[in-house]
Amino acid sequence: MTPSERRKLPERIKRLDELATNLWWAWHPKARDVFRMLDYPLWRESGHNPVQEVYNTPDSKLEAATQDVAFLSLYDSVMEAFDADMTAKDTWVSANYPELASGPIAYFSMEFALHNSLPIYAGGLGVLAGDICKEASDLGLPFVGIGFMYPQGYFHQHIAADGWQQEIYRQLNFEEAPISRLNPPKGISVAQVQIEDRTVSIAVWLVKAGRVNIYLLDTNLEQNTAQDRVLSARLYTADPEVRMQQEIVLGIGGVRVLRALGIHPAIWHANEGHSTFMVLERIREEVGRGVPFNEALSRVRANTVFTTHTPVACAHDCFLTNLVDKYFSRYWESIGIDRETFLEIGRPDVEGRAGFNMTALGLNASNQRNAVSKLHGGVTRRMWAGLWPNLPEDKIPITYVTNGIHVPTWIAAEIQRVFEKYLGHDCLEGQHDPAIWKKILDIPDNEVWEVRQNLKVKLLNFMLDRAQRRWAEGDVTAQQVVTMGALLHPDALTIGFARRFTEYKRPTLLFQDMARLKKILNNPFKPVQLIFAGKSHPADWAGKQLLHQIYAIAQDREFQGRVAFIEDYDMHTASYMTHGVDVWLNTPRRLQEACGTSGMKAAINGVPHLSVRDGWWYEGYNGSNGWAIGPGPEAAFSDRQDEVDAQSLYRILEEEVIPLYYDRDRAGFPHGWIRVVKESILSSVTLFSACRMMMDYTEKMYREIPQSIRSKT
Ligand SMILES: *Cc1c(COP(=O)(O)O)cnc(C)c1O
């Protein structure tokens, strides 16, 4: 259903529903302005969800809009830009790689984070998938996404007064989400998969991200059993058997859905191991056409791309063989192979974990394979060397494409305006061009400083609004209001730390020496404050304890209210935080952070990175765009890592970050600091954008799939 089917819009502005149901609006500020202008209170109340807004705007306001010259002129120019973008023929891909137009790249991912109004993501992996789809649209890359439409998504986080995370699941109202149901001629079910002796029907929802369609699978259909109906209810259930069933729906069901929709992918890209069952279904199709198994596997391999995202062994889906027997014995019979041969293609060979490994399947059955940063590339080759026993480690065929972020999504409108003023109105179209971005260094310091201060005030106001709302609702204590940031000050140097709460990210590294930290934060002349946010996976007990520890510190009066925690970290809070703090802190144990992307979001907004040289910062740090904590990656195997890094972190804060931030001229501007801010923007926009990333995927991966194979399928 689209909003216009829900309600009638006045003729003059009837395309509002089209605009609302294509997430293109989410990364075009003028399109957001249309909805902001239409009914500002509703826009805010809906959490920036234009579908919900258009659905609820009173008739009188819609009528008034048709008489409002300023609104109409904005509306017309936005619709014109939208049409131009949707039909553009002169894209980067058409100019450089027209042969890629022969068929779309089908991109399978367990989660897609496109906008907060569609909460079907947990964290970094989903954000990456969302950013990839948006950038594919911008570059004109033919692309379709395949994922799940979870009505409950990932949990919402509350922190109780005692500091323990509470997990709350809310049901998404599909009517008010920017999705529409695909109704094939024969009814609602688009495809079916077999799970044991049951046939599970799959419905499909469509989400549009510019020119890219994302098809989201849903098993909540009447004809399915109660157990199967909730298969697509939630993301990342801990139960391995349910996980396996979900992955059967995504991988095998996903291929069948594309077939049913008449979509013929030229390239199949599995984002992380969750979706790699898709190769099994394509092998089955080949075998069904009379191709022997080995030949079928090599045909499927020929146009499959696989990306692995984590160096942490236990984070790779690995199913026990009893589950494999239960769900796949019929499958291997149907393709004429025995159990041993089947298990072989998912043979783990990593740290002795027995079972059927989804990453091994992805690596074994793909032609192009990549890790997500330079450092992670080396770690991944080492990790999976067992799959290529005859090759030396540096010849293992796994390359890397360093992640990037979709700049139009993650840049603050206030900063974008400054860039446009000094670098030209189309500077975001030339993201990869250092010649354009070098001009950043010439922007007057006072303008940069003012916009940075404004963004900090905006973040603190956002926190105050939330705290006030929760206080008024009566479900929090006064102390919790303090932990929500009520005592923060816009003039204090503000350090942000926000990401999934889990052990290897070391959220409590700063608290190793409480006395030293207290001295740093409580300095009356050069105060420092900390803002934390992040969820812990419901089954990650150690992560929850770390969160509990920080929450207790935030309530400790000795820190004078300078430590805050924002609940329910999501894309919305991630935007406020990465725009608003002064420094972005990142402290993973070495070689465990595959890439990390939140630091890139901060960096493009002029929030320098203070980080261990792990993940992207191993490539990103250049000596003038932020700070590097502790030694390089070679220290990964030291058991004194935590101690050494904590000492280094305190020293950098005391001797470099804080003095530089508070070193002001007579007018109050910290020129040395602003220089770091500018270098941070310059290096991150040009090197860590999704634009650069998708150009890399195109040139290093997709183009490597031979044209003859691409056009055959
Ligand atoms: C960007 C983002 C992440 C990823 O952050 P990392 O630095 O990679 O841990 C996680 N969650 C949300 C909501 C994000 O926006």
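Since we're looking at a predicted model, the values are computed, not measured.

Reading the values: the criteria
Residues numbered from 1 in each chain as written. Predicted model: local features only at pLDDT ≥ 70, side-chain atom pairs only at ≥ 80, totals over all residues. Heavy atoms only, no water. Helix = DSSP H or I, 4+ residues; strand = E, 2+ residues; numbered from the N terminus. Rg over C-alpha atoms; globule rule 2.2 N^0.38 Å. Buried < 20%, exposed > 50% of the residue type's maximum accessible area, 1.4 Å probe, protein only. Contact = heavy atoms within 4.5 Å. Areas by Shrake-Rupley, 256 points an atom, 1.4 Å probe, with all protein chains shown as cover. Lys, Arg positive; Asp, Glu negative; His and termini not counted. Charge placed at Lys NZ, Arg CZ, Asp CG, Glu CD. Near = heavy atom within 4 Å. Polar contact = N/O pair within 3.5 Å; in protein donor to acceptor, adjacent residues only side chain to side chain. Nonpolar A, V, L, I, M, F, W, Y, C, P; charged D, E, K, R; others polar. Axes fitted to C-alpha atoms, helices over the stretch in contact; angles between N-to-C directions. Parallel < 35°, antiparallel > 145°, perpendicular 65-115°, else oblique. Left-handed = near helix turned anticlockwise from the far one by under 90°. Salt bridge = Lys/Arg side-chain N within 4 Å of Asp/Glu carboxyl O. 1 Å grid on protein atoms, 1.4 Å probe; cavity = no way out; pocket = protein on both sides within 12 Å on 5 of 7 lines; lining within 4 Å. Points joined across faces, edges and corners; volume = space filled by probe spheres on them. Domains from an automatic or database assignment. Pairing = 2+ DSSP bridges. Expected span 1.5 Å × (residues − 1).

**Q** What is the right way to read the overall build of the chain from this model?
**A** Along the chain, the regular secondary structure elements total 31 helices and 20 strands. Taking 27 Å as the expected radius of gyration for a compact globule of 713 residues, we find that the chain reaches 25 Å, a close match to that expectation. Here the C-alpha coordinates of the chain stretch approximately 80 × 70 × 55 Å along the principal axes. Counting every position in the chain, which comprises 713 residues, the buried fraction comes to 61%. Here the analysis covers contacts within the chain between residues at least 6 apart in sequence; of these, 74% occur between residues at least 24 apart. Accessible surface computed for the chain: about 27,000 Å², of which carbon and sulfur atoms make up 50%. Averaging the locations of the 76 positively and 87 negatively charged side chains of the chain gives two centres separated by 1 Å.

**Q** Whenever I open this one, the site of the ligand confuses me. Can you help?
**A** Surveying the vicinity of the ligand reveals 14 residues, the closest of which are Lys505, Gly596, Thr597, Ser598 and Lys601. In this structure, Lys505 approaches the ligand through a side-chain N or O atom, which is 3.1 Å from an oxygen atom. The side chain of Lys601 places a nitrogen or oxygen atom 2.6 Å from an oxygen atom of the ligand. Taken by itself the ligand offers 390 Å² of open surface, and the protein chains cover 93% of this. Only helix H9 (124–139), helix H25 (571–580) and helix H26 (598–604) provide two or more residues apiece to the shell around the ligand. Among the residues forming the shell around the ligand, the class breakdown is 5 nonpolar, 5 polar and 4 charged.

**Q** Explain the packing of helix H11 (residues 240–260) against helix H12 (residues 277–288) to me, please; I cannot follow it from the model alone.
**A** A packed helix pair is summarised by two numbers, namely the angle formed by the two axes and the spacing between the axes. For the pair H11 and H12, interaxial distance at closest approach is 8 Å and the crossing angle is 50°. Between H11 and H12, the crossing angle belongs to the class labelled oblique. When you trace H11 past H12, the crossing you get is right-handed. Along its contact with H11, which presents Met244, Glu247, Ile248, Gly251, Ile252, Val255, Arg256 and Arg259, the element H12 presents Phe277, Met278, Glu281, Arg282, Arg284 and Glu285.

**Q** What exactly am I supposed to notice about the pattern of salt bridges here?
**A** Any two side chains of opposite charge can pair, on the condition that their charged atoms come close. Enumeration over the complete set of coordinates arrives at 43 salt bridges. Here Glu340 makes a salt bridge to Arg339, at a shortest N to O gap of 3.9 Å. Between Lys535 and Asp568 there is a salt bridge whose closest N-O contact spans 3.5 Å. Taken together, the residues span a long stretch of sequence, with Lys535 in the loop between strand S16 (528–533) and helix H24 (541–555) and Asp568 in the loop between strand S17 (563–566) and H25 at a distance of 33 residues. The burial state of Lys535 is the same as that of Asp568; both residues are buried. It is possible to trace a salt-bridge network through shared partners that takes in Arg506, Arg589, Arg590, Asp642 and Asp645.

**Q** Which parts of the structure should I look at to understand empty space enclosed by the protein?
**A** The tally for this structure, following the rule as stated, stands at 4 cavities of 30 Å³ or more. Of the pockets and cavities examined, the largest cavity occupies roughly 60 Å³. Forming the boundary of the largest cavity are Ile415, Val418, Phe419, Ile440, Ile443, Val448, Val451, Lys678 and Ile681. If you list the elements that add at least two residues to the lining of the largest cavity, you get helix H19 (413–423), helix H21 (445–473) and helix H29 (671–687). For the lining of the largest cavity, the element with the most residues is H19, which contributes 3 residues. Broken down by class, the residue content of the lining of the largest cavity amounts to 8 nonpolar, no polar and 1 charged. Put simply, the second largest cavity is a space of about 40 Å³. What lines the second largest cavity is Pro311, Ser373, Leu375, His376, Val379, Leu591, Gln592, Glu593, Ala594, Asp614 and Gly615. Here the residues of the lining of the second largest cavity are counted per class, giving 5 nonpolar, 4 polar and 2 charged. When residues of the lining of the second largest cavity are sorted by domain, at least three fall in each of domain 2 (92–156 + 165–403 + 696–710) and domain 3 (407–688).

**Q** Explain the sheet that holds S17 here, please?
**A** Backbone-to-backbone hydrogen bonds join strands into a sheet, with any given pair of strands oriented parallel or antiparallel. Spatially, S17-S16-S15-S18-S19-S20 is the arrangement adopted by the 6 strands of the open sheet, whose pairing is parallel. Both edges of this open sheet fall to S17 and strand S20 (626–629), since each of them pairs with a single strand only. Between one strand axis and the next, the sheet turns through 20° on average, direction left out of account. With 4 bridges connecting them, S16 and S17 associate as parallel partners. Bridge pairing in S17 places Leu530 opposite Val563.

**Q** What is the right way to read H9 from this model?
**A** Between its first and last C-alpha atoms H9 spans 22 Å; for 16 residues at 1.5 Å apiece the expected length is 22 Å, and the two agree. Positive backbone phi, at 80°, marks Gly140, one or two positions downstream of H9.

**Q** Would you explain the packing of helix H28 (residues 641–662) against H29 in this entry?
**A** Interhelical geometry of H28 versus H29 gives an angle of 115° and a closest axis separation of 6 Å. The orientation of H28 with respect to H29, classified from their angle, is roughly perpendicular. In this structure, H28 uses Val657, Leu660 and Tyr661 to contact H29, whose residues at the interface are Gly672, Trp673 and Val676. Along the lines of polarity and charge, the residues of the contact of H28 with H29 split into 5 nonpolar, 1 polar and no charged.

**Q** Where do I start with the environment of Arg590 in this structure?
**A** In this structure, Arg590 sits in the loop between strand S18 (583–586) and H26. Look at Arg590 and you get buried, because its relative accessible area is 3%. Arg590 sits 51 residues away from Gln641 along the chain, and the two C-alpha atoms are 8.5 Å apart. Setting aside its immediate chain neighbours within four residues, Arg590 contacts Arg506, Val612, Asp614, Ile629, Gly630, Pro631, Gly632, Pro633, Ala635, Ala636, Gln641 and Asp645. A distance of 3.4 Å separates a polar side-chain atom of Arg590 from the backbone oxygen of Ile629. Engagement of the side chain of Arg590 in a polar contact is seen with the backbone oxygen of Gly632, the distance being 3.1 Å.

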